[in-house]
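# Observations on the three-dimensional arrangement
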Amino acid sequence: MSSYDVIIIGSGPGGYVSAIRCAQLGLKTACVEGRDTLGGTCLNVGCIPSKALLHATHMLHEAEHNFSAMGLKGKSPSVDWTAMKAYKDDVIGQNTKGIEFLFKKNKVDWIKGWATIPEAGKVKVGDTVYDAKHIIIATGSESATLKGVEVDEKTVVTSTGALELGKIPKKLVVIGAGVIGLEMGSVYARLGAEVTVVEFLDHITPGLDKDLAKTFQRTLTKQGLNFILGAAVQSVDASKSKAKVHYKLRKDDSEHELDCDTVLVATGRKPFTDGLGLDALGVEMSPRGQVKTDGHYATNIKGIYAIGDAIDGPMLAHKAEDEGMAIAEILAGQAGHVNYGIIPGVIYTHPECASVGQTEEQLKEQGIAYKVGKFSFMGNGRAKANFAGDGFVKILADKATDRILGAHIIGPMAGDLIHEVCVAMEFGAAAEDLARTCHAHPTYSEAVREAALACGDGAIHA
Ligand code: FAD
Ligand code: NAI
């Protein structure tokens, strides 16, 4: 069959979720994917493989640092890097196969190959042209390049090469103290590499609440990561097994260099729309290369929509997924909607960092009067038992109304804990609503409640 209600180009979290929801809502749906497997960046070379390596190396860290203190004696495990990568690949396979199963179950056709859009209403893959009432561009993103730095995915790598290194580097230089740099930097630091992170700004993790970022940097430094901040990388000289990173300190323009055996370039990602033929179609793009869309994901060309990393907004899998569901609902005549004010962000290091809503810096900038409820995991019994006392929960609430405006957590399971605040915010809750909700003991989530209590009459265990 070559005629569809909807054809989605790209099977990442935006595309595959949208395809499933479109089919569930009764639209005849196909999804085109150029890779050999479904799931996009996230499942193949992003979220899932990086989390597998973070998990495995966290287990190693626990064995090396905390086991003996709990009376678990004996040698720490040795690392079989090839086997660890095989575990990671197995996890990828299970997940990508899972999407194949879901496509079959929901009757979504997978069209294999790279798509172009010759005209509105048509999608071409190979020599076949398919008709589609609606076309959704969900083609995602790729690593941004850096002037003077040539990536070979062996010595100088992007995140994709960093998931596949032939051996564990002795000295790794990471360019960029953002999410990828710190997650992958943590993986290799735990595996024994000497890791130096070179960051252009004078702080790590731009956009994160500064209080959290400071604690985070201190914690990572304790774990052995070195930071050079306020440094602009000028170039990298690389051979087969060695590299020299040249950088200038911004404060005095002094020039420096770092020797290493591997360089990870983690300076952001940019939308990927190559080969779709958007220029010829006249699809409007932003100066940052994003497909321009209105509030309903429609481009300026009738019948063509775009979602996920290819459009504006945080480049996160769950943001892409939510947009995928919203556009499906809109095309099916429902009211699809994404609340961009409540999209959590998580960094899956140990401890994890998680954030939702406004930061203190943003509230100050807008002149909003707020109060801060903060609680350290040191006061949480479960965290102490689990060697997870580093970190805190911080809740920001409107000074006059007590309505929760944001939450910032560094600590154990922060990426899961943040969601009770997300739900509370969706319901327009006050900090007192969280504070009056009974939380099971002993759980990490009690720290969230204590932070909410600290917005009012005070935390109990502080
Ligand atoms: P993508 O996942 O990029 O998928 C787009 C797909 O479209 C690709 O498979 C591509 O092959 C296909 N495609 C492109 N052009 C065509 C064409 N012309 N024809 C056919 N197919 C095409 N986000 C999180 O929220 N949590 C995380 O923990 C996280 N970890 C990450 C770790 C790393 C190392 C990286 C790189 C990213 C991570 N991200 C994470 C970001 C996340 O992967 C992206 O935000 C998400 O994948 C975007 O989804 P998408 O559907 O927009 O695009
Ligand atoms: P990022 O935007 O998070 O961080 C890039 C960092 O590089 C910034 O701190 C920036 O100041 C710095 N930088 C830029 N140019 C530089 C230069 N010339 N020299 C030194 N530093 C420089 O981008 P990153 O880490 O590459 O991640 C890309 C995207 O992938 C992010 O948007 C993120 O949302 C997503 N992602 C999400 C994850 C998660 O949710 N856990 C995990 C990994 C990626």
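Since the model is a prediction, treat every value here as computed from it, not as a measurement.

The next point concerns the site of ligand 2. Around ligand 2, 23 residues are found, and the nearest of them are Ile180, Glu183, Glu199, Gly268 and Val346. One of the backbone nitrogen or oxygen atoms of Met315 is found 3.1 Å away from an oxygen atom of ligand 2. Within the contact set of ligand 2, a nitrogen atom lies 2.7 Å away from a backbone nitrogen or oxygen of Val346. Protein chains shield 79% of the accessible area of ligand 2, which is 840 Å² for the free molecule. For the shell around ligand 2, the elements supplying multiple residues, two or more each, are helix 6 (179-190) and strand 12 (231-238). Grouping the amino acids of the shell around ligand 2 by side-chain chemistry returns 16 nonpolar, four polar and three charged.

In spatial order, the strands read 12-13-14; together these three strands make up an open sheet with antiparallel pairing. Each having just a single partner strand, strand 12 and strand 14 (255-260) make up the two edges of the open sheet. Direction aside, neighbouring strands of the sheet carry axes that sit 25 degrees apart on average. Here strand 13 (residues 243-249) pairs with strand 14 via six bridges, running antiparallel. Bridging from a neighbouring strand, Tyr247 pairs with His256 of strand 14.

On to the domain arrangement of the protein chain. Structurally, the protein chain comprises domain 1 (3-143 + 270-338), domain 2 (156-267) and domain 3 (342-454). Each of domain 1 and domain 3 has a C-alpha centre, and the two are 29 Å apart. Listed as interface residues are 10 residues of domain 1 and, on the opposing side, seven residues of domain 3. Taking both partners together, domain 1 and domain 3 bury about 750 Å²; carbon and sulfur atoms supply 76% of that area. Summed over the shared surface of domain 1 and domain 3, the number is one residue pair in polar contact (both at pLDDT 80 or more). Those elements that provide at least two residues to the side of domain 1 that touches domain 3 are helix 3 (47-65) and helix 9 (317-331). The leading source of residues in the side of domain 1 that touches domain 3 is helix 3, at three residues. Tallied by class, residues from the side of domain 1 that touches domain 3 come to five nonpolar, three polar and two charged.

Under the criterion given, the structure shown has two aromatic pairs. Judged by centre distance (6.4 Å) and plane angle (50 degrees), the ring pair of Tyr4 and Tyr130 falls under tilted. Pair noted here: Tyr4 is in strand 1 (residues 3-9) and Tyr130 is in strand 6 (residues 128-137), with a separation of 126 residues, a long-range link. Taking the relative accessible area as the measure of exposure, Tyr4 reaches 6% and is therefore buried. Considering the side-chain rings of Trp81 and Tyr188, the 5.8 Å spacing of their centres and the 65 degrees angle between planes classify their relative orientation as edge-to-face. One end of the pair, Trp81, is in helix 4 (residues 81-106); the other, Tyr188, is in helix 6, and 107 residues separate them in sequence. Classification of Trp81 by relative accessible area gives buried; the value is 7%. On the accessibility criterion, Tyr188 (1% relative accessible area) is buried.

Another point: the pairing of strand 1. Most of strand 1 sits inside the fold, with six of its seven residues counted as buried. Of the strand pairs in this sheet, strand 1 and strand 2 (residues 29-33) are connected by four bridges, and their pairing is parallel. Counted as the bridge partner of Ile8 is Cys31 from strand 2. Each parallel crossover has a hand, and the one from strand 1 via helix 1 (residues 13-24) to strand 2 is right-handed.

Reading the values: the criteria
Residues numbered from 1 in each chain as written. Chains lettered and ligands numbered in written order. Predicted model: local features only at pLDDT ≥ 70, side-chain atom pairs only at ≥ 80, totals over all residues. Heavy atoms only, no water. Near = heavy atom within 4 Å. Polar contact = N/O pair within 3.5 Å; in protein donor to acceptor, adjacent residues only side chain to side chain. Areas by Shrake-Rupley, 256 points an atom, 1.4 Å probe, with all protein chains shown as cover. Helix = DSSP H or I, 4+ residues; strand = E, 2+ residues; numbered from the N terminus. Nonpolar A, V, L, I, M, F, W, Y, C, P; charged D, E, K, R; others polar. Pairing = 2+ DSSP bridges. Axes fitted to C-alpha atoms, helices over the stretch in contact; angles between N-to-C directions. Domains from an automatic or database assignment. Contact = heavy atoms within 4.5 Å. Buried area = accessible area lost by both parts, 1.4 Å probe. Phe/Tyr/Trp six-rings, centres within 6.5 Å; stacked < 30°, edge-to-face > 60°. Buried < 20%, exposed > 50% of the residue type's maximum accessible area, 1.4 Å probe, protein only. Right-handed = clockwise from strand over helix to strand, strands pointing away.

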